[in-house]
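# Notes for the structure review
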Amino acid sequence: MTTLARILAIIMKEAVQMRRDRMTFGMMLVLPVMQLILFGYAINTDPHSLPTAIQMEEDTPITRSIISGLEVSGYYAIVERTQSDMESDSMLARGDVSFVVTIPKGFTKRLLRGETPQLLIEADASDPSASSNAISRAQVIVQRALAHELYKLNGDPQTAPPLFELVIHPKYNPAAVTQYNIVPGLLGVILTMTMVMMTSLAMTRETEQGTMENLLAMPARPIEVMLGKISPYVIVGAVQTLVVLAAAIWVFKVPFLGSFWVLSLGVVIFVIANLAVGFSFSTFARSQMQAMQMTFFFFLPSLLLSGFMFPFRGMPNWAQMIGEILPLTHFLRIVRGTMLKGADLHQLQPDINAMLLFTLFMGAVAMVRYRQTLD
Amino acid sequence: MTQELAIDVRGLVKRFGSKTAVNGVDIQMPRGQVWGFLGPNGSGKTTTIRMICGLLKLTDGEGECLGFDIRKDASLIKAQTGYMTQKFSFWTDLTIRENLEFVARLYRLKNASRVVDETLDGLSLSKRQHQLAGALSGGWKQRLALAAVSMHHPKLLLLDEPTAGVDPQARRDFWDEIHRLSSNGITVLVSTHYMDEAERCDRIVYLANGKKVAEGTVAQIIDMSGLITFRGEGENVRHLAPQLEHAPGIDHVAYFASALHVSGSDRSAIRHALDQLNDDGADWKEVRPSLEDTFIELKARAGDDTRQHA
C-alpha cells in the first residue's frame, strides 16, 4: 500500500507541475485541435477547383459549353483568360495557374465536320499528385459537355459524340517522378526545422542557464547580440543547402533548369526569415522546452499548409491564405520553380517579396521583444 | 560633489507587477571604498544592484553611477563596471580560457590574448586554461568570475553574494583579491550574508523589506542599534532558553555550544529577567553585541514584509 501512496504523491506533483507550465499545457490541448483542423479540413488529396487559364481562340456555343463543362466538374476553376502562348506559359511557370486549356481557332468547324480537332491541356505536373485526377477526368468531362451541346442542336440523343483529340502536356515533370517534387521541397522543410529550432534554443539556453544576465551586463548592443547569435546558423543553413542540392542533383537526378543564383537569393532570404522566427520565439519562451514547443507549433502548419506534403491549390481558401503567410510556401515555389520550371527572377519576384515582408515583420517583432534589461 | 561618489542614487523604487521589491533606497558611496550590502534574503539587494548597473529599469528614483545617469547611460556604466552575478553565469561549456577571451573581446580590450594570459597567471589557472569552466569547483568558479569581470579594469565592481557556498580558504582568497583590487582604486560594493565578510568592509548598508534600515561602519551600526547583549556560560545554560525566550525584555536568544546570548534593548529588563532565573549554574556577563545579533534585531524591527500590498 505504501507503493500506491508514493505513486499517488508523484502523480499529484506531476499534475501540479503540468498545470504550472501553462505553455506546455496549452500545447497539449491546442496541437490536437490544430492537427484535426489541418488534416480534417485543409488537406485534400483529391484537389478540386484548381486554377485554370483558358486560351480561347474562338468563341462558339460549343467552346463555351466545353468551358462550362470543365467548371461544373469542380476540378477546374477558370481564373484567367489569356491571349498568347507566352502569357499562358508565364502564368504556368509562376504557379498562378495549374492548367492552361487551349481551344484552337477553327475547333468548332472541324469538330462538326468530323475532322477530329485537337484540344490542348497544359498542366503544371511538378507535383504529380496535384494534377493527376483533374487530367484523368478531362476526356470524360469534355465528351459529356459536347454530347449535351449537340443534343441541344439536333435533338437526337442517339448522335454519336463527335470525335476530338485531347492533347495533354504535363509540363515540368512529364514522367511524374514524385522525387522531383519532394526532394527540392525537402530543402525548405529541413531549413525551416533546423533554423527555427537552433536559434530559439540557442537564445533560450542563455536565459535558462543565467548567462544572459552576464551577457546583458557587458556592453553588447541588442543588434550585436542578435547578429552574432544568428550568423553561425546562416552558415549551417548554407551547408545544408549545398548537401541537399548535391543529393537532389546527383543522387535523385532532379533536373535544374533555372538559375543557381536566383535560388541562392531565395535560400538566403528564406534562411533569414526562419532565423528571425526562431529569435522571436526565444524572446517569448522562458525555457528550451518552450522554445521546442513553439518551433513545433510553427513547423506543423508549415509542413502541411505550404504545399510540401499536400497540393497547395487543393486546399480551401482560408488554408491557402494561411499558407501564403508562411515563408516555406514561397520558398517551395522558388526552389521548385527554379529547378523544375526554369523560372526566372522576374517570375519569382512575388514570392521573394512575400518572404521579405515576412522577414521584416518577424525581425521587427524580435527587435521590439528583445530586452536589453532583465525586466 | 558627484565626481567623488562612485554610486549616488536617490529614492530607488522597483516594482514587479504588484510587488515592490525595492522601496526608496538611497546610496551615496565614495570612490575607492569597499562597502558591504547586507540584508535578509529577498530584501532587495540583487534588485538594487541590477538597477545600479542598468540591468533593470527603475520604477522610480534617480541617480548616477560613476557620474553617468543610471536611467539613460546604461551602456556607459556597463563599460566601466564589473558585475558578478549571484549564480555562476559564465559559459560552462566553454573552457576557462575561452570564457576569458570572449569577455575580453566583448569589452574590446587591446591585446586581448595577453590580458587573458596575465589573468590566467594571476589566477594560477594557466595549467588548467583548457578545462571546461563547468568542471571547476565552486570556489574556483567564483575566482574565475571575479577575474573575468575585472579584466577590463572597471572603476566599480558590483559583486552579488560572490562567496555564497564557498569554503573558508576560498573565501579568504577571494577577499584578498577584493582588497587587492580596492588598493588599486577600484570601488567595490559586495552583498553578503557572512558576518566576517561584513567586518572586512569600510561601511555597511543594511536593507530590509526593500528599504535601507541602517548604514555605517560595523561599530556604528552596533552602537546605533542600541542593542544590549548578555552572555551566559555554564553546563546547563541551554536548558534555560525556553524560559528566556518568552521573558519580558528579551527579544532574542541565540544558542552557542555551551553558552547563550540574550539580547534586547532594555538593560534593566534583561537583568530582571536573568535574576528571575532560579539557576545558579550560569554565569551571566554583558558583552558587546555581535553584528549577527544586531542584524537579527534590525530585521525584527523592520517588521513583517508588507510589500506585497504596497
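Residues numbered from 1 in each chain as written. Chains lettered and ligands numbered in written order. Predicted model: local features only at pLDDT ≥ 70, side-chain atom pairs only at ≥ 80, totals over all residues.

Time to look at the overall build of chain A. Helix and strand content of chain A: 14 helices and 5 strands. For 375 residues, the compact-globule estimate of 2.2 N^0.38 gives 21 Å, and the C-alpha radius of gyration of chain A, at 26 Å, exceeds that figure by more than 25%. Over its C-alpha atoms, taken along the principal directions, chain A stretches across nearly 85 × 60 × 40 Å. Intrachain contacts of chain A at a sequence separation of at least 6 include 80% that bridge at least 24 residues. (Helix = DSSP H or I, 4+ residues; strand = E, 2+ residues; numbered from the N terminus. Rg over C-alpha atoms; globule rule 2.2 N^0.38 Å. Contact = placed C-beta atoms within 7 Å.)

Next up on the list: the overall build of chain B. Scanning chain B from N- to C-terminus turns up 11 helices and 14 strands. C-alpha atoms of chain B, sized along the principal axes, occupy 75 × 45 × 35 Å. The proportion of buried residues among the 310 residues of chain B is 43%. A fraction of 69% describes how many contacts in chain B between residues 6 or more apart in sequence connect residues 24 or more apart. (Buried ≥ 20, exposed ≤ 12 C-beta atoms within 10 Å, placed from the backbone.)

Before going further, it helps to spend a moment on the pairing of strand β7 (residues 156-160) of chain B. Residue and element names in this part refer to chain B. Of all 5 residues in β7, 5 are buried; the element is thus mostly enclosed. The alternating pattern of β7 places L156, L158 and D160 on one face and L157 and L159 on the opposite face, and all of these are buried. Bridging between strand β6 (residues 81-84) and β7 involves 4 bridges; their strand directions are parallel. For Y83, the partnering residue across the bridge sits in β7 and is L158. Bridge count for β7 against strand β8 (residues 187-191) is 5 bridges, and the pairing is parallel. For L158, the partnering residue across the bridge sits in β8 and is L189. (Pairing = 2+ DSSP bridges.)

Each partner contributes to the interface: chain A provides 12 residues, whereas chain B provides 17 residues. Its residues assigned to classes, the side of chain A that touches chain B comprises 6 nonpolar, 4 polar and 2 charged. (Nonpolar A, V, L, I, M, F, W, Y, C, P; charged D, E, K, R; others polar.)

Glancing now at the packing of helix α13 (residues 327-341) of chain A against helix α14 (residues 345-369) of chain A. Residues and elements named next belong to chain A. One way to put it is that α13 packs onto α14 with a least axis distance of 9 Å and a crossing angle of 150°. When the axes of α13 and α14 are compared, the pair comes out roughly antiparallel. Here α13 runs over α14; the crossing is left-handed. Contacts between α13 and α14 pair P327, H330, F331, R333, I334 and G337 from the former with Q347, L348, D351, A354, M355 and F358 from the latter. Among the residues making up the contact of α13 with α14, the classes are represented as 7 nonpolar, 3 polar and 2 charged. (Axes fitted to C-alpha atoms, helices over the stretch in contact; angles between N-to-C directions. Parallel < 35°, antiparallel > 145°, perpendicular 65-115°, else oblique. Left-handed = near helix turned anticlockwise from the far one by under 90°.)

What follows deals with the domain arrangement of chain B. Here the domain parsing of chain B yields domain 1 (2-221) and domain 2 (228-288). If you average the C-alpha positions of domain 1 of chain B and of domain 2 of chain B, the two centres end up 39 Å apart. (Domains from an automatic or database assignment.)

Another aspect to go through is the domain arrangement of chain A. Residues and elements named next belong to chain A. According to the domain assignment, chain A contains domain 1 (50-171) and domain 2 (177-369). Here the C-alpha centroids of domain 1 and domain 2 sit 39 Å apart. Residue-level contacts link 12 residues of domain 1 with 12 residues of domain 2. Elements with a minimum of two residues in the side of domain 1 that touches domain 2: β1 (50-56), α4 (85-94) and α6 (128-154). Tallied by class, residues from the side of domain 1 that touches domain 2 come to 5 nonpolar, 5 polar and 2 charged.

Residues and elements named next belong to chain A. What the 5 strands build is an open sheet, ordered β2-β1-β3-β4-β5; its pairing is mixed. Of all strands in the sheet, those bounded by a partner on one side alone are β2 (76-81) and β5 (165-171). Strand-to-strand, the axes of this sheet are offset by a mean angle of 25°, without reference to chain direction. Pairing geometry for strand β3 (residues 99-103) and strand β4 (residues 118-124), over 4 bridges, is antiparallel. Considered in β4, the bridge of T102 is made with L120. Packed onto the sheet, helix α3 (residues 61-72) meets β1, β2 and β3 and runs at close to 130° relative to β2.

To continue, consider helix α9 (residues 222-251) of chain A. Residue and element names in this part refer to chain A. The terminal C-alpha atoms of α9 lie 43 Å apart, and with 30 residues this matches the ideal 44 Å at 1.5 Å per residue to within 8%. Considering bend angle alone, the principal kink of α9 is centred on S231 and spans about 25°; proline P232 follows within four residues of it. Regarding α9, the residues found buried are V225, I230, Y233, G237, T241, L245 and A248. Where α9 is buried, its residues touch α7 (178-209), α8 (211-217) and α10 (260-284). Just downstream of α9, K253 is the residue with a positive phi angle, here 55°. (Expected span 1.5 Å × (residues − 1). Bend = angle between axes of the 7 residues up to and from the residue.)

What follows deals with the pairing of β3(A). Taking burial as the measure, the 5 residues of β3(A) include 5 buried ones, the bulk of the element. Both faces of β3(A) are covered, namely the face carrying A:F99, A:V101 and A:I103 and the face carrying A:V100 and A:T102.

On to the sheet that holds strand β1 (residues 5-16) of chain B. Residue and element names in this part refer to chain B. Strand order in the open sheet formed by 4 strands is β2-β1-β4-β5, with antiparallel pairing between adjacent strands. Looking at strand neighbours, the two that pair on one side only are β2 (19-30) and β5 (68-69), the edges of this open sheet. Note: β1 against strand β4 (residues 60-65), 5 bridges, orientation antiparallel. Bridging from a neighbouring strand, D8 pairs with E64 of β4. Here helix α1 (residues 45-52) sits on the sheet in contact with β1, β2 and β4, set at roughly 120° to β1.

What follows concerns the packing of α9(A) against α10(A). All names here are of chain A. As a packed pair, α9 and α10 sit with axes 10 Å apart at the nearest point and diverge in direction by 135°. If you check the angle between α9 and α10, you find them oblique. As for how α9 packs across α10, the hand of that crossing is right-handed. Contact with α9, carried on its side by M226, I230, Y233, V234, G237 and T241, involves V267, V271, L275 and F279 of α10 and no other residues of that element.

Attention now moves to the environment of A:I269. Residues and elements named next belong to chain A. Mapped onto the elements of the fold, I269 is located in helix α10. Taking the C-alpha atoms as reference points, I269 and N353, separated by 84 residues in sequence, lie 9.7 Å from one another. Excluding residues within four positions of it along the chain, I269 makes contact with I352, M355, L356 and T359.

This part is about the nonpolar core. All names here are of chain A. In this structure, I66, F99, F270, A273, L275 and A276 are the most contacted members of the largest nonpolar core, which totals 87 residues. In terms of residue count, the dominant contributor to this core is α10 (13 residues). Lining this core are residues from two domains, each supplying at least three of them: domain 1 (50-171) and domain 2 (177-369). (Core = buried A, V, L, I, M, F, W, Y, C linked by C-beta atoms within 7 Å.)

All names here are of chain B. Structurally, L58 is set in the loop between α1 and β4. The class of L58 is partly exposed, set by 19 C-beta atoms lying within 10 Å. In the structure, L58 is positioned 32 residues away from F90 in sequence and 26 Å away in space, judged by C-alpha atoms. Not counting the four nearest positions on each side in its chain, L58 is found in contact with L12, V13, K14, M51 and R71.

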